[in-house]
Amino acid sequence: MKLLIEMGHPAHVHQFKHFVREMQKRGHSVRIITTDKEVTIPLLNSIGLDYDVIGVNQGGQVVSKLISLAKSFHTSYKISSAFKPDIYISRGSFISGIMSRLLFKPHIFFSDCDHVVFLRKILDPLVDTIISPSSFQLNLGSKHVKIEGYKELMYLHPKYFTPNPAVLKEVGLTEGERFTIIRLVSWHAHHDVGQRGIQDEIRLVKELEPHCRIIISSERPIPAELEKYRMKVSPEKLHDLLYYATLYIGEGATTASECAMLGTHALYVNTLRAGTTDELGNIYGLVHTISDPREMRSEVLNKALKLLNDPDLYTKGKLKRQKLLSEKIDVTAFMIWFIENYPDSMKQIRSGVDVSVRFKTEIKETPLEVL
């Protein structure tokens, strides 16, 4: 089988890296196309995956974006014509969608963005199957498959991820030392337009610093006085750091969800709500969403201090993680089965067969072993 996977963002690299390697081990041919955006290419290089660059992410004027998009379509078409994939896989891409239609091949994408309604109206005709978490708030009809799992489990499930405590030494920490990671987004993504997040980074850092060390990860420029807090480890080590963190405060839903997979309590600060983060808060108590702009300035600090005042916060987070893992599936294993058996796998699910039980794994890790 030949698979063409489009990875247009660093998060996509993390999501599909184990899937790619396992499919290659099984004898399938996998071609990766990517856009030069943020740290996507350095991540692909760091984990040793081959790829073709089809374009560069363009900010600024609409004209330059359209020219860049046209070049990406052209490059993608040349690659597709030579490679002749059997299936296209993406996180919801116009390029893969249109290529799949031109070459009459199925397009499967994984989505947990239940808030991007406008783009979905354009993209849905270009896709054959949409896979989403059960927390996805929309029902997209017969092409929609909901699973008991999250995209973050494709790379943060214990089967694939083991935290490395060596990262603590890189940032001047020791095991057991309390620290909070604050993450600020660029607000350049299409779904970020008109949204708001953390209001006063300087005040937040000053108020929290007496209670723990502070590390800042930021996609946007930060005040000069906060530069000394900036995270100085390579991007692929962020998840190790998140695992050992006492608390996470951030504006990105994906990183907040990653924290939940790792058993780290998270404050998700954004006026944009998401089904996944809501579920991770309501059912597992690992993500606390603060979305009312009138309350952000005070509520973020109050909630953070309340959590940090709990001396057992870290251990409680790892116990909550145990519950989450016991109730969700190995999403990478599911994707392997689904793709290898497609379209019969889709027919099984449509017929009402519960396939999820075969992808649940026994978690042997105990809270004492991970402290």
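These numbers were taken from a predicted model, which means no experiment stands behind them. (Residues numbered from 1 in each chain as written. Predicted model: local features only at pLDDT ≥ 70, side-chain atom pairs only at ≥ 80, totals over all residues. Heavy atoms only, no water.)

S.K.: Please clarify how the sheet that holds strand 8 (residues 179-184) should be interpreted in this entry.
M.R.: Strand pairing in a sheet relies on backbone hydrogen bonds. The paired strands run either parallel or antiparallel. In spatial order, the strands read 9-8-10-11-12; together these five strands make up an open sheet with parallel pairing. For this open sheet the edge positions go to strand 9 (213-218) and strand 12 (287-290), each flanked by a neighbour on one side alone. Each adjacent strand pair in this sheet contributes to an overall mean axis angle of 15 degrees, direction not counted. For strand 8 and strand 10 (residues 247-250), the ladder comprises four bridges, and the chain directions are parallel. Looking at strand 10, one finds that Thr180 is bridged to Leu247. Contacting strand 8, strand 10, strand 11 (266-269) and strand 12, helix 10 (residues 253-262) runs over the sheet at an angle of about 165 degrees to strand 11. (Pairing = 2+ DSSP bridges. Helix = DSSP H or I, 4+ residues; strand = E, 2+ residues; numbered from the N terminus. Axes fitted to C-alpha atoms, helices over the stretch in contact; angles between N-to-C directions. Contact = heavy atoms within 4.5 Å.)

S.K.: Just checking my understanding: could you explain the side chain of Asp240 for this structure?
M.R.: Position of Asp240 among the secondary structure elements: in helix 9 (residues 238-244). An unpaired buried charge is present at Asp240: no salt bridge exists, and Lys237, the closest side chain of opposite charge, is 7.4 Å distant. Apart from residues no more than four positions distant in its own chain, Asp240 is found in contact with Phe161, Thr162, Pro163, Asn164 and Val167. (Buried < 20%, exposed > 50% of the residue type's maximum accessible area, 1.4 Å probe, protein only. Lys, Arg positive; Asp, Glu negative; His and termini not counted. Salt bridge = Lys/Arg side-chain N within 4 Å of Asp/Glu carboxyl O.)

S.K.: In this structure, what is going on with the pattern of salt bridges? I would like to understand it.
M.R.: A side chain with one charge can pair with a side chain of the opposite charge if their charged atoms come near. Scanning all chains against the criterion turns up 21 salt bridges. We note a salt bridge from Glu148 to Lys328, for which the minimum N-O separation is 2.7 Å. Residue Glu148 is found in the loop between strand 7 (144-147) and helix 6 (153-156), and its partner Lys328 is found in the loop between helix 13 (313-327) and helix 14 (331-340); the two are separated by 180 residues along the sequence. In this structure, Lys206 engages Glu225 in a salt bridge whose closest nitrogen and oxygen atoms are separated by 3.9 Å.

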